[in-house]
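This is what each chain is made of:
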Amino acid sequence: MAKVIHIIGNGDNAHLYQPAKGLKIACNLPPFDISNIFVSCMVDFKMMKAITEGSVTNPYPWVLGVRPQKWMEMRQTFYMKYSPQVKEFYTVLPKYAQNYTDFNCGHFATHYAANKLKGEEIHLYGFDSIMDFNILSKTDFYLPSDRGAANTERLTRTWRPIFAGIFKEFKDTQFVIHHKHNNLPFKKPENLEIKVHK
C-alpha cells in the first residue's frame, strides 16, 4: 500500500480536503478543524513573531525551516518554551529555488513530504497559486500580506517554477492537486494528476 500524505494549504480550495487515510500536514495552521494533524510546517519570521507575541497559537508538532530556526537561536526563552513542539528543523533548499524567501510554506511542506517522509502519493489541497492567478491565503486573516496585483504576479511567476521543479525532482512520487478545474498553467508532468471537484 502506498504511503499517502495529505497537505492542507491555505488557498481558497483547501476546503476540498475531506477526512482520508494517510498523514496530514498543515501549512502554518489549517484553515478549518482537521483531526490528527501529523505536523505543521512553518517557514516565516512573521509566523514566529506572531507566536512570540501571543496573537497566534499553533498547537501541533512543528517542522521548521531556516528562518524559524534562526528565530529560535536568537530567542532562547522562546526556544525553551516551544522546543518540545519542534519535531525537527528541515533546512533543505533545492537548486531550483533561488533562496529561502522564494521557497514558500507550500513548497516546503511538499518537499518535506516527498524527500524526508518518502511519500509515494501526495495530495495537495488549497494550493490555488499553482492553478490560478490567486495567492490569497487563509493565513491573511491573522498575518496580513500584500495581495495586490503586482505582488500576485511576481509571486506567481516565482512560485510556479518551484512546484514544477518539485514534481520533476520526485518523478517517482504521484502528486495529486485537488482543484475546481484542470487548466494547469504549465506542462503537466506524468506524475501529476489534477482531481477536479465540482
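So, here's what we can say about the structure. (Residues numbered from 1 in each chain as written. Predicted model: local features only at pLDDT ≥ 70, side-chain atom pairs only at ≥ 80, totals over all residues. Heavy atoms only, no water.)

**Comments concerning the overall build of the protein chain**
Counted only if it meets this: For helices the rule is a DSSP run of H or I covering at least 4 residues; for strands it is a run of E covering at least 2, with both sets numbered from the N terminus onward. Three exposure classes are used, based on accessible area relative to the maximum for each residue type with a 1.4 Å probe and protein chains only: buried under 20%, partly exposed in between, and exposed over 50%. Note on areas: Shrake-Rupley with a 1.4 Å probe; residue coverage comes only from the protein chains shown.
On a plain count of helices and strands, the protein chain comes out with 6 helices and 8 strands. Starting at the N terminus and ending at the C terminus, the protein chain contains elements arranged as β-β-β-α-β-α-α-β-α-β-α-α-β-β. In the protein chain, which comprises 198 residues, the share counted as buried stands at 52%. Summed over its atoms, the accessible surface of the protein chain is roughly 9900 Å², and 54% of this surface lies on carbon and sulfur atoms.

**Looking at the nonpolar core**
Cut-off, in case you're wondering: To qualify as a nonpolar core, a set must consist of buried Ala, Val, Leu, Ile, Met, Phe, Trp, Tyr and Cys residues joined through side-chain atoms within 4.5 Å. Residues count as neighbours in contact if any of their non-hydrogen atoms are within 4.5 Å of one another.
Grouped together as the largest cluster of nonpolar side chains are 33 residues, with contacts concentrated most on Ile7, Ile25, Cys41, Ile122, Phe175 and Ile177. Looking at this core, the element that brings in the most residues is helix α4 (residues 105-115), giving 6 residues. Apart from residues no more than four positions distant in its own chain, Ile177 is found in contact with Leu124, Ile130, Met131, Phe167, Leu192, Glu193, Ile194 and Lys195.

**Some thoughts on unusual backbone geometry**
In this structure, Asn28 is a non-glycine residue whose phi angle is positive, near 60 degrees. Along the chain, Asn28 falls in the loop between β2 (23-27) and β3 (37-42). The phi torsion at Lys118 lies on the positive side, around 60 degrees, for a residue other than glycine. Position of Lys118 relative to the elements: it lies in the loop between α4 and β6 (121-125).

**Regarding the environment of Ile166**
Here Ile166 shows up in helix α6 (residues 149-169). Its relative accessible area of 0% is what places Ile166 among the buried residues. Once the C-alpha coordinates of Ile166 and Ala97 are considered, the two residues, 69 residues apart in sequence, prove to be 9.8 Å apart. Ignoring sequence-local partners within four residues, the contact set of Ile166 consists of Tyr96, His107, Thr110, His111 and Phe175.

**Examining the sheet that holds strand β5 (residues 86-89)**
Here is the rule: A pair of strands counts as paired when DSSP detects no fewer than two bridges linking them. Working convention: axes come from line fits to C-alpha atoms, limited for helices to the stretch in contact. Angles between N-to-C directions cover 0 to 180 degrees.
Taken in spatial order, the 8 strands make up an open sheet running β5-β4-β3-β2-β1-β6-β7-β8, and their pairing is parallel. For this open sheet the edge positions go to β5 and β8 (192-196), each flanked by a neighbour on one side alone. The average angle at which neighbouring strand axes cross in this sheet is 25 degrees, direction not considered. One ladder, built from 5 bridges, connects strand β7 (residues 174-179) with β8; its direction is parallel. Bridge pairing in β8 places His178 opposite Lys195.

**Some words on the environment of Trp159**
Along the polypeptide, Trp159 turns up in helix α6. Separated by 55 residues in the primary sequence, Trp159 and Asn104 have C-alpha atoms spaced 7.7 Å apart.

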